[in-house]
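What follows is the residue order along each chain.
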Amino acid sequence: MKTTRARLLTHAGLALASLVMIYPVLWMVGSAFKPENAIFTDLTPIPRSLDPVNFVVGWNALAVGFDRFFWNSAVIATLAVAGNLMACSLAGFAFARLEFPGRKLCFALMMMTLMLPYHVTLIPQYVLFLQLGWVDTILPLVVPKFLAADAFFIFLFVQFFRGIPRELDEAAVMDGCGPWRIYWRILLPLSTPVMGTAAIFTFIWTWDDFFGPLIYLNDIQSYTVPLALRTFVDSTSQSSWGQLFAMSTLSLVPVFLFFVFFQNLIIQGIAMSGLKR
Amino acid sequence: MSEALRLTGIEKRFGTTPVLHGIDLAIAQGEFVVFVGPSGCGKSTLLRLIAGLDQPSAGTIAITGKDMTTTPAASRGIAMVFQSYALYPHMTVYANMAFGLETQRFAKPEIDRRVRAAAELLKLDQLLDRKPKALSGGQRQRVAIGRAIVREPVLFLFDEPLSNLDAELRVQMRVEIARLHKRLGVTSIYVTHDQVEAMTMADRIVVLNGGRVQQVGSPLELYNQPANRFVAGFLGAPRMNLIDGERVAASFVAGGLEIASSPPAGATAIGIRPEAITLGAGHTLPVLLAEQLGAETILHLALPAGGELVATVPGQHRFPVGELVPISLPTTALHWFDGAGVAIRPT
């Protein structure tokens, strides 16, 4: 009896804590259905009616429709995922399996870049992209991903590859494989957990990224969803909070779907890497 | 018979640590040669050099008469069976066996023919669609062998292939590998630290220790005429009794026993196999322990000068500890060793 009660109490406590954590999200979703004047006066997340007007108006409230913003975000996120998977796995393979002069030094340097805050490299990077004429295109957001600029994911791949027995590589060498074929036919097919982890986190981080697009994208035609959302809260004109929340809610859908479909992989990946942000 | 493999002056260093000190060895076509030795003796390193997975620091490797010291592993016509099998976990049994042939761009029908032939030979036909994780240890081992067979190599390398199997399966696979060798007739090199595997499977055994070849010969040659104390002690179970002694007047005394009269010159130790010792007339020694194996009894006897003498006698003998047992050490069964541990052969 006592244990049942203790368990009930534990669960109640945990449920309450979860509620506190999810409340802002629920409030945002609820507010998307509320009329403008009720949003900041009514703190219950449950709207009185399910009026979709904020969604309908919000979708086309800006100079450019949200279909455009979603498309822009999707293109950047997809390219980022493809780039990171390809480049980081190759770089990881090189560090984990190939012998080349300066390998340890390069690896140490790469690990050190993990400790550099984004903001330190921001200005030089901006100058570089400006001189390349890439500002106001998606190139600064996408091209670095294809050049294995994400040390964190490289490290993830290195660690995973190191866990794959070397005898497999040696068997492949006996079977006539060179490094490229070992990577492509042996290591990559065995790396689905780490590929999944890298794909998911790249997608979520790119989709949610506000700072990068803010700096490099100036034309509203090329805005991503987070940039577009900010436009709702403009100091010069009236803020449309209801529409902002409606579009914010929609912007969570892809991330949410990703999570639902790949949650096993994410959990596996987190357990594997001890990853947390 | 033509030569399948010739090693000349093979040396290997890892950093500054020498692992192999000048190995010379020739292996004839069709031979089954076993490299045996304790852990760290360099036998696996030597195998990897032959395979082409590592490069020797000095010396040359010739396979079927051609110098292949720097030839890439895949072009040497060699197949290797790894200790952990190293099957590709994401591929089916069929794909595992076909992979090497695909890499070498064999035609599909030829690949299929070879894989199916090997599968039939190894009784894997029913398992071709399975992944390695759905196979038992013995089956995985057979797939690993199958993967080697399909390449139709001139030389098979086995790196302790049975060490991950349980005792019963090991005996079974041992017989299977030996039978396979008889059937295919491909020159094979087999690395093991298990002297029973070495004795039962080999045409010739290469005993390695400390990166040097100690002796090369047929199993019985090595058993009957070990070249030195290391080989004498390494092959045979229970191991040979090796007792230091000295010449006293005209006879040789070891362990407090007068072993023989007129010992060879320079002798400082004798060796005698436990099974060569017989019960009755001679020395009388107290029993330390009697191990009953049913068909035979292993007696541990105390030597007068300390240390023990192990004797294997046929049949069942219930000797209580401390009982005095009469034994004799036939002079003809004695091995003599000099101060450097090298065997002294009767002239």
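Residues numbered from 1 in each chain as written. Chains lettered and ligands numbered in written order. Predicted model: local features only at pLDDT ≥ 70, side-chain atom pairs only at ≥ 80, totals over all residues. Heavy atoms only, no water.

S.K.: Honestly, the overall build of chain A in this entry has me stumped. Any pointers?
M.R.: Counting secondary structure elements, chain A contains 14 helices and 0 strands. Listing every helix and strand of chain A by position from the N terminus yields α-α-α-α-α-α-α-α-α-α-α-α-α-α. With respect to the principal axes defined by its C-alpha atoms, chain A has extents near 70 × 70 × 30 Å. Buried residues in chain A amount to 42% of all 277 residues. If you sum the accessible surface of chain A, you get close to 15500 Å²; carbon and sulfur atoms cover 70% of it. (Helix = DSSP H or I, 4+ residues; strand = E, 2+ residues; numbered from the N terminus. Buried < 20%, exposed > 50% of the residue type's maximum accessible area, 1.4 Å probe, protein only. Areas by Shrake-Rupley, 256 points an atom, 1.4 Å probe, with all protein chains shown as cover.)

S.K.: Would you explain the interface of chain A and chain B in this entry?
M.R.: Note: interface size is frequently given as the accessible area lost on complex formation between the parts. With 15 residues of chain A at the contact, the number on the chain B side is 25 residues. Summed over both partners, the interface of chain A with chain B comes to about 1700 Å²; 63% of that surface belongs to carbon and sulfur atoms. When the area that chain A buries against chain B is broken down by residue, the three leading residues are Glu-167, Met-174 and Asp-175 of chain A, summing to 43%. At the boundary of chain A with chain B, the tally comes to 2 salt bridges. (Contact = heavy atoms within 4.5 Å. Buried area = accessible area lost by both parts, 1.4 Å probe. Salt bridge = Lys/Arg side-chain N within 4 Å of Asp/Glu carboxyl O.)

S.K.: Is there a simple way to think about the domain arrangement of chain A in this case?
M.R.: Residues and elements named next belong to chain A. Along its sequence, chain A is carved into domain 1 (2-51) and domain 2 (63-272). Summarising the inter-unit geometry, the C-alpha centres of domain 1 and domain 2 are found 33 Å apart. Contacts between the two partners involve 9 residues from domain 1 and, on the opposite side, 9 residues from domain 2. Of the roughly 680 Å² buried at the junction of domain 1 and domain 2 (both faces included), carbon and sulfur atoms supply 78%. Among the residues of domain 1 in contact with domain 2, Met-28, Ala-32 and Glu-36 are the three that bury the most area, contributing 59% of the side total. Remark: the boundary between domain 1 and domain 2 carries 0 salt bridges. Seen at the junction of domain 1 and domain 2, the total is 2 residue pairs in polar contact (both at pLDDT 80 or more). Elements that contribute at least two residues to the side of domain 1 that touches domain 2 include exactly helix 1 (2-31) and helix 2 (36-39). Residue contributions to the side of domain 1 that touches domain 2 peak at 5 residues, all from helix 1. Partitioned by chemical class, the residues of the side of domain 1 that touches domain 2 number 7 nonpolar, 1 polar and 1 charged. (Domains from an automatic or database assignment. Polar contact = N/O pair within 3.5 Å; in protein donor to acceptor, adjacent residues only side chain to side chain. Nonpolar A, V, L, I, M, F, W, Y, C, P; charged D, E, K, R; others polar.)

S.K.: So what exactly am I meant to see when it comes to helix 9 (residues 166-174) of chain A here?
M.R.: Three- or four-residue spacings in an α-helix give side chains the same orientation, since the helix completes a turn every 3.6 residues. All names here are of chain A. In terms of burial, helix 9 is largely enclosed, as 7 of its 9 residues are buried. For helix 9, the full list of buried residues reads Glu-167, Leu-168, Asp-169, Glu-170, Ala-171, Ala-172 and Met-174. Positive phi appears at Gly-176, one or two residues downstream of helix 9, with a value of about 95°.

S.K.: Quick question: what am I supposed to make of the sheet that holds strand 20 (residues 343-344) of chain B here?
M.R.: Pairing between sheet strands relies on hydrogen bonds along the backbone, with the strands arranged either parallel or antiparallel. Residue and element names in this part refer to chain B. Taken in spatial order, the 6 strands line up as 13-12-11-14-19-20 in an open sheet, and their pairing is antiparallel. Whereas interior strands pair on both sides, the edge strands pair on one side only; in this sheet they are strand 13 (257-261) and strand 20. Bridge analysis of strand 19 (residues 335-338) against strand 20 gives 2 bridges, and the strand direction is antiparallel. Considered in strand 20, the bridge of Phe-337 is made with Ala-343. (Pairing = 2+ DSSP bridges.)

S.K.: I would appreciate a short explanation of the pairing of strand 13 of chain B in the present structure.
M.R.: Regular strands show a simple pattern: their side chains alternate between the two faces of the sheet. Residues and elements named next belong to chain B. Across 4 bridges, strand 12 (residues 251-254) lies against strand 13 in antiparallel orientation. Directly across from Phe-252, in strand 13, lies its bridge partner Ala-260. Between strand 12 and strand 13, which pair antiparallel and follow one another directly, the connecting turn spans 2 residues, one of which, Gly-255, has a positive phi of 60°.

S.K.: Teacher, can you tell me more about the packing of aromatic side chains here?
M.R.: What describes a pair of aromatic rings is the distance from one ring centre to the other and the angle between the planes of the rings. Scanning the model with the defined rule gives 35 aromatic pairs over all chains in all. For the ring pair Trp-27 of chain A and Phe-40 of chain A, a centre distance of 6.0 Å and an interplane angle of 50° mean the geometry is tilted. Of the two residues, Trp-27 of chain A sits in helix 1 while Phe-40 of chain A sits in the loop between helix 2 and helix 3 (53-59), which places them 13 residues apart along the sequence. The exposure class of Trp-27 of chain A is buried, given its relative accessible area of 15%. Of the aromatic side chains, those joined through ring pairs into one cluster are Trp-59, Phe-66, Phe-69, Phe-70, Phe-203, Trp-207, Phe-232 and Phe-258 of chain A. One residue, Arg-162 of chain A, lies across the ring of Phe-107 of chain A, its end atom 5.3 Å from the ring centre. Sitting above the plane of the Tyr-223 of chain B ring, Arg-273 of chain B keeps its charged end 3.9 Å from the centroid. (Phe/Tyr/Trp six-rings, centres within 6.5 Å; stacked < 30°, edge-to-face > 60°. Lys NZ or Arg CZ within 6 Å of the ring centre and 35° of its normal.)

S.K.: Please explain the sheet that holds strand 15 (residues 278-292) of chain B as it appears in this structure.
M.R.: Residue and element names in this part refer to chain B. Within the open sheet, the 4 strands sit side by side as 17-16-15-18. Their pairing is antiparallel. Strand pairing shows two members of the sheet lacking a second neighbour, strand 17 (308-314) and strand 18 (324-328), which therefore form its edges. Between one strand axis and the next, the sheet turns through 50° on average, direction left out of account. Relative to strand 18, strand 15 is paired through 6 bridges, and the arrangement is antiparallel. Looking at the pairing, Thr-278 lines up with Ser-328 of strand 18. (Axes fitted to C-alpha atoms, helices over the stretch in contact; angles between N-to-C directions.)

S.K.: Would you explain a nonpolar patch on the surface in this entry?
M.R.: Residue and element names in this part refer to chain A. Taken together, the side chains of Leu-79, Met-86, Leu-90, Phe-146, Leu-147, Trp-180 and Trp-184 present a nonpolar region at the surface, about 720 Å² in accessible area. Looking at the nonpolar patch, the elements with two or more residues in it are helix 4 (66-97) and helix 10 (179-187). No other element matches helix 4, which puts 3 residues into the nonpolar patch. Overall, the relative accessible area of 31% leaves Leu-90 in the partly exposed class. (Patch = residues over 30% accessible without salt bridge, like charges linked within 9 Å, V, L, I, M, F, W, Y side chains within 5 Å.)

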